[in-house]
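Chain by chain, the residues:
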Amino acid sequence: MSSTVKVLYFGAALEMTGRAEEEIGAGDTASLRRDILDRYPAMKELTFRMAVNRVLLKEESLLKENDIIAILPPFEGG
Amino acid sequence: MKNRYLVGGPITPLLISELFTLGNDDAGAGAVSVFIGRVRDDEVNGHRVTAIEYSAYSDMAGNEVDEIVKTVKAAFSDVRKVIIVHSTGVVKAGETSLFIMVTAGHRDHATRACRHTLEMVKERLPVWKKEIY
């Protein structure tokens, strides 16, 4: 089953997608990842992790309605 | 500061002097170790970096800082206070973008924990940069 989630893009992901956020329907993180790469093929060149509701994703998981998914390229602080 | 971990623009000398006073109320903290990170005017493909624009996932940064502090305190039992502040927005070359301060009873844990905190900030703080030439 598909849920509508909010996807946030940061760093290089924001540059590649040209948007800071959007809503996407997805049932789990793996299908969301595939959907994002289909929408933005340039992101296949980018290594990124995901956070679900502000927590780094350690393994693929199901998504709930209104979850907030952040697309996180490698951190560059310091 | 609205957000105690992220500050808009450079971390100014005035702010640094204020941050230095945190922990002054703890007379048991005999050692204070500080790391200050500044924007470097690197040359990239023949162009000189004049500034860096930092962006952050601020909603997540607070939790990550809390986790870093918790981890550092668990690893170094003598540590009493860990302060982490990172810039967002534009910071010019030569200006400060990262401030870390660790207070401890003694120098060994203060210095080692400060280095450990720095490595964890690099690894865990959701911050990105864009060079400006």
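Above this note sits the structure.
Described below are features of the structure shown in this document. What you see is a predicted model, and the numbers here were worked out from it, not measured in a lab.

**Quick notes on the overall build of chain A**
Right, so step 1: Tallying secondary structure elements over chain A gives two helices and five strands in all.
Right, so step 2: For a compact globule of 78 residues, the expected C-alpha radius of gyration is about 12 Å, and chain A comes in at 12 Å, within 12% of that figure.
Right, so step 3: Projected onto the principal axes, the alpha-carbon positions of chain A cover approximately 35 × 25 × 20 Å.
Right, so step 4: Across the 78 residues in chain A, those meeting the buried criterion constitute 42%.

**Focus: the pattern of salt bridges**
All names here are of chain A.
Right, so step 1: This structure, assessed with the given rule, holds 14 salt bridges over all chains.
Right, so step 2: Two residues, Glu-22 and Arg-39, come together in a salt bridge whose shortest N-O distance is 3.3 Å. With a gap of 17 residues between them, Glu-22 in strand 2 (residues 21-26) and Arg-39 in helix 2 (residues 29-39) connect regions that are remote in the sequence.
Right, so step 3: The salt bridge partner of Lys-64 is Asp-67, with a shortest N-O separation of 3.5 Å.
Right, so step 4: A relative accessible area of 54% means that Lys-64 is categorised as exposed.
Right, so step 5: Note on Asp-67: relative accessible area 4%, which makes it buried.
Right, so step 6: Here the residues in one salt-bridge network are Arg-19, Glu-22, Asp-35 and Arg-39, joined through shared partners.

**Quick look at the side chain of His-109 of chain B**
Residues and elements named next belong to chain B.
Right, so step 1: One can find His-109 in helix 3 (residues 107-124).
Right, so step 2: A relative accessible area of 18% means that His-109 is categorised as buried.
Right, so step 3: For His-109, the contacting residues outside a window of four places in its chain are Phe-76, Ser-77, Asp-78, Val-79, Ala-104 and Cys-114.

**Quick look at the side chain of Ser-33 of chain B**
Residue and element names in this part refer to chain B.
Right, so step 1: Inspection of the secondary structure assignment puts Ser-33 in strand 2 (residues 31-38).
Right, so step 2: Owing to a relative accessible area of 12%, Ser-33 belongs among the buried residues under this scheme.
Right, so step 3: Those residues in contact with Ser-33 that lie beyond four places of it in its chain are Ile-100, Met-101, Val-102, Ala-110, Thr-111 and Cys-114.

Rules used throughout
Residues numbered from 1 in each chain as written. Chains lettered and ligands numbered in written order. Predicted model: local features only at pLDDT ≥ 70, side-chain atom pairs only at ≥ 80, totals over all residues. Heavy atoms only, no water. Helix = DSSP H or I, 4+ residues; strand = E, 2+ residues; numbered from the N terminus. Rg over C-alpha atoms; globule rule 2.2 N^0.38 Å. Buried < 20%, exposed > 50% of the residue type's maximum accessible area, 1.4 Å probe, protein only. Salt bridge = Lys/Arg side-chain N within 4 Å of Asp/Glu carboxyl O. Contact = heavy atoms within 4.5 Å.

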